[in-house]
Amino acid sequence: MNRFRTPLKNVRGLGAAKTGTEHFVHQRLTATALILLGLWFVAFVLSLLGADYVAATAAIAKPWNAVLLVGFLVAMFWHAQIGLQVILEDYVHNSLLALALQVSVKFIAVLGAIVSIFAVARIALGN
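Here the residue numbering is sequential within each chain, running from 1 through the sequence in written order. It should be noted that, the model being predicted, local features are given only for residues of pLDDT at least 70 and side-chain atom pairs only at 80 or more, the latter also being counted only at that level, while totals for whole chains, interfaces and linings use all residues. Based on all heavy atoms of the structure, the side-chain values leave hydrogens and waters out of the count.

**Let's talk about the overall build of the protein chain**
Consideration 1: Elements are defined by DSSP. Helices are runs of H or I of four residues or more, strands are runs of E of two residues or more, and each kind is numbered from the N terminus. Of the regular secondary structure elements, the protein chain holds five helices and zero strands.
Consideration 2: Only protein chains enter the area calculation, which uses a 1.4 Å probe; residues under 20% of their type maximum are buried, those over 50% are exposed, and those in between are partly exposed. Taking all 127 residues of the protein chain together, the buried fraction comes to 24%.
Consideration 3: Only the protein chains shown count as covering a residue, and every accessible area follows the Shrake-Rupley method with a 1.4 Å probe. As displayed, the protein chain has an accessible area near 9,300 Å², and 73% of this comes from carbon and sulfur atoms.

Here you go:
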């Protein structure tokens, strides 16, 4: 298969990055998880309509709800990061700008996930 690469492509490093399949699989797995967890999340939020703060925090503090909420948050931030990475790879052609945006997106996704999980853990464990 290497015979189809031109010498210029070898010098510029414009061959396959070899991560396309991995991104595709992760994107589909997180999408599937988000469908299932999203249905649970909508039902959970609808069950809290009209509830006060104490009732809402008590519902989040239940172990299954806390675990499912953390799973939803992890899948959501991971899915968003992968999707934005693919968009940036496809449409940003300036190497330095692309790198800066990729690092920013990854940083924001990880930070958002950590802060969200911390908030759920704090509620679940009672401050």
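**Some words on the nonpolar core**
Consideration 1: Core analysis: the largest hydrophobic core is formed by eight residues, namely Trp 40, Phe 44, Ala 59, Ile 60, Ala 66, Leu 69, Leu 73 and Val 120.
Consideration 2: It is helix H4 (residues 63-91) that provides the largest number of residues to this core, a total of three residues.
Consideration 3: When neighbours within four sequence positions are excluded, Leu 73 is seen to be in contact with Ser 116, Ile 117 and Val 120. What is meant by a nonpolar core is a set of buried Ala, Val, Leu, Ile, Met, Phe, Trp, Tyr and Cys residues, joined one to another through side-chain atoms within 4.5 Å. Contact between two residues is taken to exist if any of their heavy atoms lie within 4.5 Å; hydrogens are not considered.

**Considerations on the environment of Ala 61**
Consideration 1: Of note, Ala 61 is situated in helix H3 (residues 53-61).
Consideration 2: On a C-alpha basis, the gap between Ala 61 and Val 120 in space is 7.9 Å, while along the polypeptide they are 59 residues apart.
Consideration 3: Every residue in contact with Ala 61, bar those within four places of it in the chain, is listed here: Ile 123 and Ala 124.

**Section: the packing of aromatic side chains**
Consideration 1: Whether two aromatic rings pair depends on their centres lying within 6.5 Å, for rings of Phe, Tyr and Trp, where Trp uses its six-membered ring; planes under 30 degrees apart make the pair stacked, over 60 edge-to-face, and the rest tilted. All told, the structure shown has three aromatic pairs when counted by the stated rule.
Consideration 2: Ring geometry for Trp 40 against Phe 41: centres 6.3 Å apart, planes inclined by 50 degrees, an arrangement best described as tilted.
Consideration 3: Centroid distance Phe 41 to Phe 72: 4.7 Å. Interplanar angle 10 degrees. Geometry classified as stacked. Of the two residues, Phe 41 sits in helix H2 (residues 20-47) while Phe 72 sits in helix H4, which places them 31 residues apart along the sequence.
Consideration 4: Members of the aromatic cluster, connected to one another through ring pairs, are Trp 40, Phe 41, Phe 44 and Phe 72.

**With respect to helix H5 (residues 95-124)**
Consideration 1: Expected helix span is given by 1.5 Å per residue-to-residue step, counting one fewer step than there are residues. Between its first and last C-alpha atoms H5 spans 43 Å; for 30 residues at 1.5 Å apiece the expected length is 44 Å, and the two agree.
Consideration 2: Taken together, the buried positions of H5 are Ala 98, Gln 102, Val 105, Ala 109, Gly 112, Ala 113, Ser 116 and Val 120.
Consideration 3: Packing partners of the buried residues in H5 comprise H3 and H4.
Consideration 4: Gly 126 lies just past H5 and shows a positive phi near 75 degrees.

**A look at the packing of H3 against H5**
Consideration 1: Axis definition: a line fitted to C-alpha atoms, over the contacting stretch in the case of helices. Angles run 0 to 180 degrees between N-to-C directions. Running from N to C, H3 and H5 point in directions that differ by 100 degrees, and their axes come no closer than 8 Å. Considering their axes alone, H3 and H5 lie roughly perpendicular with respect to each other. The segment H3 lies against H5, with Thr 57, Ile 60 and Ala 61 engaging Val 120, Ile 123 and Ala 124.
Consideration 2: Its residues placed into classes, the contact of H3 with H5 shows five nonpolar, one polar and no charged. In this scheme, roughly parallel covers angles under 35 degrees and roughly antiparallel covers those over 145, while 65 to 115 is roughly perpendicular and the rest are oblique. Three residue categories are used. Nonpolar comprises Ala, Val, Leu, Ile, Met, Phe, Trp, Tyr, Cys and Pro, charged comprises Asp, Glu, Lys and Arg, and polar comprises the others, including Gly.

**Structural notes on the environment of Ala 121**
Consideration 1: By the secondary structure assignment, Ala 121 is in helix H5.
Consideration 2: Along the chain, Ala 121 and Val 70 lie 51 residues apart, while their C-alpha atoms are 8.6 Å from each other.

**Considerations on the side chain of His 23**
Consideration 1: Relative to the elements of secondary structure, His 23 occurs in helix H2.
Consideration 2: Judged by its relative accessible area of 17%, His 23 is buried.

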